[in-house]
Amino acid sequence: MPATKVRIPAVPATSVRRNRLVERIRSHTGPPAGSAGAAADPAPVVLVAAPAGSGKTTLLSTWASQVRAGPAGPRVAWVCLDAEDNSVAALWSAILVALETTGAWREDGALHRLRPPHLMEPDFLAAVVDAFDELSEPVWLVLDDVHELHDPAALRSLDMVLRRMPPRLRLVLSARSEPRLGLPRLRLEGRLAEIGIDQLTFTGEEAAALLAEHRIRLGSGDLNRLLRRTEGWAAGLRLAAMTLAGAANPAASVAEFGRNDRAVADYLVAEVLSHQPGHVVDFLLAVSVCARFTGELAVELSGRDDAGELLDRLERANAFVFRPDRTSDWYRPHRLLGGYLRAELARRDASALPRLHGVAARWFAAHDLPVRALEHAIRAGDAELTSRLVATIGLPEVMDGRGTPFRRLLDRVAPKLLARPAVALVAAVAALEAGDVATADAALERMATPSGGHGSTGLRVLHATVAMHRARLGGGDPPAARETLDALAVLDPPAASTVATTAAGTGDAEVDVLALAQRGAARLVAGEYGAGEGDLRRGLEAASARGHDATVLHCLVHLAAVAAAGSDLAEAATRADTAIAFAAERGWSHTPGCAYAYGLGAWAAYHRLDRDVAGSYASLAVRLLHGRMSPDVELAALSADQIVGFDTADDRHASVGALRDHWRRLAGQRVAPFLVGLEAPVEQRLALRVGEPGWATEVADRVEGWLGETGESSLLRATLQVQKGRVDTARALLRPVLDGAVGSHMLTTLIDAWLLEAVLADRAGDGFRAHRALGEAVELAAPRRSLRAFVDGGAPVRSLLVAGIGRFGRHEWFAAEVLAAMPPAGPGATDVLTPRELELLAELPSLRTAEEIAESLLVSVNTVKTHLRGIYQKLGVNNRRHAIEVARQRGLL
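These numbers come from a predicted model, not from an experiment. In this numbering scheme, every chain counts its residues from 1 along its sequence in written order. Side-chain atom pairs in this predicted model are given and counted only at pLDDT of 80 or more, local residue features only at pLDDT of at least 70, and totals for whole chains, interfaces and linings cover all residues. Hydrogens and water are ignored here; the side-chain numbers use all heavy atoms of the structure.

**Student:** Explain the overall build of the protein residue by residue, including any values.
**Tutor:** The number of helices and strands found in the protein is 48 helices and eight strands. The globule rule used for comparison is 2.2 Å times the number of residues to the exponent 0.38, while the radius of gyration itself is calculated over C-alpha atoms. A compact globule built from 893 residues should have a C-alpha radius of gyration of about 29 Å, whereas the protein, at 40 Å, is more than 25% larger. Projected onto its principal axes, the C-alpha coordinates of the protein cover approximately 120 × 90 × 55 Å. Only protein chains enter the area calculation, which uses a 1.4 Å probe; residues under 20% of their type maximum are buried, those over 50% are exposed, and those in between are partly exposed. When burial is assessed residue by residue, the protein has 51% of its 893 residues classed as buried. Contacts: residue pairs with any heavy atoms within 4.5 Å of one another. Contacts in the protein between residues at least 24 apart in sequence constitute 67% of all its contacts with a sequence separation of at least 6. When the accessible surface of the protein is totalled, it reaches about 38,600 Å², and 50% of it is carbon and sulfur. Each helix corresponds to a stretch of at least 4 residues labelled H or I by DSSP, and each strand to a stretch of at least 2 residues labelled E; elements are numbered beginning at the N terminus. Here, Shrake-Rupley sampling with a 1.4 Å probe gives the accessible areas, and only protein chains in the shown set may cover a residue.

As structure tokens, this is what we get:
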């Protein structure tokens, strides 16, 4: 008997200590019931079953070495089984020698007197079982590579011991597949513990540790990519480590690992395929063209009626064919095995690949799995099937939110097919959804068909929809594209209809839904908010009914924009949060589709003075900008980010400059008017704060150029006149806005205008007009909790609010909320009084005398009087009572 056969294998120096698995085995191999230290009744048999190269032997040898090294470690017997052990005599000779080497039995004990028979004898096995009664401590017997046993008598002898397990024996079986023993009975009785491929798969931390043993460090992305390719298979990772260690750029070699790697191929052939008959290898070559397959599909690919039986047998044998879900009929090969098989099939018969892909494409198409059908149709070079599938599934895939994998398939479609109108338009839709304008333009150029030149109504509407979407991303003419849709008159319900959903349409539901969603967004850019909301709501209802989640998200986000356009920023915030929550349920909350929602949410929070939410949302909005996006989305995100962060910016001047630069980049593009009205007054105010009146004038000029003569441009012009001291001119500019003679896009514009009028009227000594104007601003702002304009109005607005307390009627609560949110005084007021003066000011309402105050402050009376004179002078008063009154107005008390 070779000593190596019954010796615990040495643990390789570069192996990774997988403590989680060692502890798992420890928990299963604790002291048997009845022995010293037994705390429970662990399963008497442990089965470690997994494919070749999964690390079974290394794991068990690590465990055995550790437990034997302890101060009171158990005795472990080890047998390395091989093909020579397929007889009762050979098997039990090895087991007896392994047990004797543990030293657990006395030299004259029963075990040493046993001699294995040539044939199975019940008396011999009974004597083996009885021999364990002599022991006071347990013995663990590890049988490694049990899959090598196939002799019925040898297996039956082991099974008899399993049925009569002595209390001080624990058996650990290691095999590539479950051995033909009575394990199902033990499993049912709860007496079998199992460690399989799922547990033996390397974790990211373990894989990193293994690579580190070979002095390889990979970033998390490359490490995850390697784990996906190897599926955490121990041998695959070790082969990868050897390959990468010799590579000039290990990270760059990860993507190619396993595709043409000789070491991987040799291992798979030697340890997996060489153990299979030739007809099984041919079968695996045929089915390898599919990443996943059922028994039925395998029959079509291989021509074998017993394909289902073969797959079941391979899966049970752990022959690198898996069934991901035990309740499913689908199977798949290990990624590395599948890659090798496809490469081998191409080497053996290159013509077989397109033929088999064609078989797979037709099968998937017939079984309503069009995406998989398309993948194989492309590989098969089947032009007609490819075109039909792209036209059929393209829009649903994009509208359902699966545009990314679909675009990857389109990248492999032959250029001549992409020139077909149905294919080109779908390709353009997919590209625009990702912000890839160049690819969309290329698709439209290849088609070379005018929008109205298609024979199909569906294609004409789809072409116009693509043109409209392209225009929103900064190219083309949105009104012209929208007019094309309007001229078709197929999207709108009859005038007498009260049905909310599409009444007529093109006959293609996906085209109708997409066209409504895109026309709704285009109408917002044109300032047609009511019509846009109608399209978006119809699109939302239809998209929801058909499960087109990406289009649902588009509609939800743009309905938030509709609310913002109506100056109902509270409702805009609610709708934006609804869109974000919808996206989060699908794992999309950090994708570009949510950038607009976060931008609008940031603006709403900014006007509610919710700094934390505004900052968080604005930052997210900017981070999610990707590719070419609508100018509306970019403006909402970038302007919110700069404006919300202005007060905490290291360089405020640069923040305003960034806003100015972004508007310059938007030159010649169309932006929704409400966004202009929302952003411009704030930008102008900040420009004045950083000392750039020229920039403030630019804002007014820009808005007039974008919006024409509106309330927004009048407000900005009036603000500039106030800065020049021309109060009468400013009020004259405001008058038509306040009277309604000049319309405004945003209600916030009217709030700003009424507040400015209130301040100017107060300066002119018209207290009645000032309070009336302030009341109009409160009336507009209160239902929407729009606090920002009042706080930005500073000390003059605060003074008016304080003076008007008790005269705001049903909105008294709002005035109180605004006052609570405002700084304690106007800009710079707290800098006027010194800390000592502020300390003395706090004492004035106490009605104590100057002497009493001096005594409490531990200063002289003269010092108190000196500080009082300073306070009176700075507050513009001449007595104590007026000082208290003004201090309260400014929030100093």
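Text resumes after the structure shown.
**Student:** Describe unusual backbone geometry, with residues and values.
**Tutor:** A positive phi angle is found at Asp-145, which is not glycine, with a value near 65 degrees. With respect to the helices, strands and loops of the structure, Asp-145 is situated in the loop between β3 (139-144) and α6 (152-163). Backbone geometry places Asn-318, a non-glycine residue, at a positive phi of 55 degrees. With respect to the helices, strands and loops of the structure, Asn-318 is situated in the loop between α16 (307-316) and β7 (321-322).

**Student:** Residue-level account of the pairing of strand β4 (residues 169-175), with values.
**Tutor:** The element β4 is extensively covered by neighbouring structure, given that seven of its seven residues are classed as buried. What you see with β4 is no split at all: Leu-169, Leu-171, Leu-173 and Ala-175 on one side and Arg-170, Val-172 and Ser-174 on the other are buried throughout. Strands were regarded as paired on the criterion that DSSP finds at least two bridges between them. Relative to β4, strand β1 (residues 45-49) is paired through five bridges, and the arrangement is parallel. Following the sheet pairing, Val-46 is matched in β4 by Val-172. Pairing analysis gives six bridges linking β3 to β4, with the strands arranged parallel. Each bridged residue has a counterpart across the sheet, and for Val-139 the counterpart in β4 is Leu-169. At this point the chain moves from β3, through α6, to the parallel β4, and the crossover so formed is right-handed. Orienting the strands away from the viewer, one traces the path from the first strand over the helix to the second; a clockwise path indicates a right-handed crossover.

**Student:** Outline the pattern of salt bridges, supporting the account with residue identities and numerical values.
**Tutor:** The salt bridge criterion pairs a side-chain nitrogen of Lys or Arg with a carboxyl oxygen of Asp or Glu, the two atoms within 4 Å. Summed over the entire model, instances satisfying the criterion amount to 47 salt bridges. Among the ionic pairs, Arg-347 bridges to Glu-344, the shortest N-O distance being 2.9 Å. Of this pair, Arg-347 and Glu-344 are both found in helix α17 (residues 335-348), three residues apart, which corresponds to roughly one turn of the helix. Where Arg-702 meets Glu-683, a salt bridge forms, and the shortest distance between an N and an O atom there is 2.8 Å. One end of the pair, Arg-702, is in helix α36 (residues 693-707); the other, Glu-683, is in helix α35 (residues 673-689), and 19 residues separate them in sequence. On the accessibility criterion, Arg-702 (13% relative accessible area) is buried.

**Student:** Which residues make up the packing of helix α27 (residues 509-525) against helix α28 (residues 529-546), and what are the values?
**Tutor:** It is at 8 Å that the axes of α27 and α28 come closest, and there the two elements cross at 150 degrees. Put simply, α27 runs roughly antiparallel to α28. The two elements α27 and α28 meet at a crossing, and its hand is left-handed. Of α28, the residues touching α27 (which contributes Ala-509, Glu-510, Val-513, Leu-516, Ala-517, Arg-519, Gly-520, Ala-521, Arg-523 and Leu-524) are Tyr-529, Ala-531, Gly-532, Asp-535, Leu-536, Arg-538, Gly-539, Ala-542, Ala-543 and Arg-546. By the convention adopted, Pro, Cys, Tyr, Trp, Phe, Met, Ile, Leu, Val and Ala count as nonpolar, Lys, Arg, Asp and Glu as charged, and the other residues, Gly among them, as polar. The class makeup of the residues in the contact of α27 with α28 is 11 nonpolar, three polar and six charged. Only the stretch in contact is used when a helix axis is fitted, and all axes are lines through C-alpha atoms; the angle between N-to-C directions ranges over 0 to 180 degrees. Oblique is the label for any angle not covered by the other classes, which are roughly parallel (under 35 degrees), roughly antiparallel (over 145) and roughly perpendicular (65 to 115). What makes a crossing left-handed is the near helix being turned counterclockwise from the far one by less than a right angle; a clockwise turn instead makes it right-handed.

**Student:** Can you tell me about α6, naming the residues and giving the values?
**Tutor:** Given a rise of 1.5 Å per residue, 12 residues ought to cover 16 Å, and the 16 Å separating the end C-alpha atoms of α6 matches this to within 8%. Listed as buried for α6 are Ala-154, Leu-155, Ser-157, Leu-158, Asp-159, Val-161 and Leu-162. Considering only its buried residues, α6 is in contact with β1, α3 (88-100), α5 (122-131), β3, β4 and α7 (183-189). For a helix, the expected span equals 1.5 Å multiplied by the number of residues minus one.

**Student:** Tell me about the nonpolar core, and please be specific about residues and values.
**Tutor:** In a soluble, globular protein the nonpolar side chains are often hidden away together inside. Among buried residues, those of type Ala, Val, Leu, Ile, Met, Phe, Trp, Tyr and Cys that are joined through side-chain atoms within 4.5 Å constitute a nonpolar core. Counting residues in hydrophobic clusters, the biggest one holds 179 residues, and the most contacted among them are Leu-226, Phe-283, Leu-301, Phe-406, Tyr-596 and Phe-674. Here this core gets 13 residues from one element, more than from any other, and that element is helix α29 (residues 549-565). Not counting residues within four places of it along the chain, the set of residues in contact with Leu-301 comprises Ala-286, Val-287, Val-289, Cys-290, Leu-356, Val-359 and Ala-360. In terms of nonpolar packing, the next biggest core, distinct from the first, is built from 44 residues, Val-88, Leu-96, Phe-132 and Leu-162 among them.

**Student:** How would you summarise the sheet that holds strand β8 (residues 330-333) if you had to cite specific residues and measurements?
**Tutor:** Overall, antiparallel pairing links the three strands, which are arranged β6-β8-β7 in an open sheet. Unpaired on one side and paired on the other, β6 (293-294) and β7 mark the two borders of the sheet. Across two bridges, β6 lies against β8 in antiparallel orientation. Bridging across to β8, Phe-293 finds its partner in Tyr-331.

**Student:** Go over the sheet that holds strand β5 (residues 192-195) with me, naming the residues and quoting the values.
**Tutor:** With parallel pairing, the five strands of this open sheet are ordered in space as β2-β3-β4-β1-β5. If you trace the sheet from one side to the other, it starts and ends with β2 (75-80) and β5, each paired once. Across this sheet, the average inter-strand angle for adjacent strands is 15 degrees, counted without regard to direction. Note that β1 and β5 share four bridges and pair parallel. Along β5, the bridge assignment pairs Val-46 with Ala-193. Against the sheet, helix α1 (residues 19-28) makes contact with β1, β4 and β5, and its axis sits at roughly 175 degrees relative to β5, the strand it touches most.

**Student:** With reference to specific residues and values, describe the environment of Thr-551.
**Tutor:** With respect to the secondary-structure elements, Thr-551 resides in helix α29. As for Thr-551 and Ala-517, which are separated by 34 residues in sequence, their C-alpha atoms are 7.2 Å apart. Not counting residues within four places of it along the chain, the set of residues in contact with Thr-551 comprises Met-399, Val-513, Ala-517 and Ala-543.

**Student:** Please provide a residue-by-residue account of the confidence of the model for the protein, values included.
**Tutor:** In the predicted model, the protein carries a mean pLDDT of 87, and the fraction of residues at 70 or more is 93%. Values of pLDDT, the confidence the predictor places in each residue, fall between 0 and 100. Ranking the elements of the protein by mean pLDDT puts helix α44 (residues 829-832) last with 45 and α29 first with 96. Taken as a whole, residues 32-39 scores under 50 in pLDDT and shows 13 contacts with residues more than four places along the chain or in a different chain. Confidence over residues 826-831 falls short of pLDDT 50; this stretch has seven contacts with residues more than four positions distant or in other chains.

**Student:** I'd love a proper account of the side chain of Arg-332, names of residues and values included.
**Tutor:** By secondary structure assignment, the location of Arg-332 is in strand β8. Owing to a relative accessible area of 17%, Arg-332 belongs among the buried residues under this scheme. Of the polar contacts made by the side chain of Arg-332, one reaches the side chain of Glu-231; its length is 2.6 Å. Once residues within four sequence positions are removed from consideration, Arg-332 is found in contact with Glu-231, Ala-291, Arg-292, Phe-293, Phe-320, Val-321, Phe-322 and Pro-324. Nitrogen and oxygen atoms within 3.5 Å of one another constitute a polar contact, given that in protein one can donate a hydrogen and the other can accept it, and given that sequence-neighbouring residues count only through two side-chain atoms.

**Student:** I'd love a proper account of the environment of Gly-190, names of residues and values included.
**Tutor:** Structurally, the position occupied by Gly-190 is in the loop between α7 and β5. Look at Gly-190 and you get exposed, because its relative accessible area is 53%. C-alpha separation for the pair Gly-190 and Val-45, spaced 145 residues apart in sequence, amounts to 10.0 Å.

**Student:** Describe the packing of aromatic side chains, and please don't skip the residues or the numbers.
**Tutor:** Put simply, two rings from Phe, Tyr or Trp (the six-membered ring, in Trp's case) pair if the centres are within 6.5 Å, and we call them stacked under 30 degrees between planes, edge-to-face over 60, tilted for the rest. If you walk through the whole model with that rule in mind, you get 13 aromatic pairs. Their ring planes at 85 degrees and their centres at 5.9 Å tell us that Trp-603 and Tyr-606 sit as a pair that is edge-to-face. In this pair, Trp-603 and Tyr-606 both sit in helix α31 (residues 595-607), three residues apart, roughly one turn of the helix. Neither Trp-603 nor Tyr-606 differs from the other in exposure class; each is buried. Put simply, the rings of Trp-233, Tyr-267 and Phe-320 touch in pairs and so form one group of aromatic residues. Working rule: Lys NZ or Arg CZ, within 6 Å of ring centre, within 35 degrees of ring normal, means a charge sits over the ring. The cationic tip of Arg-18 hangs over the ring face of Phe-202; the distance from NZ or CZ to the ring centre is 3.8 Å. The ring of Tyr-606 has Arg-788 lying over it, and the distance from NZ or CZ to the ring centre is 3.9 Å.

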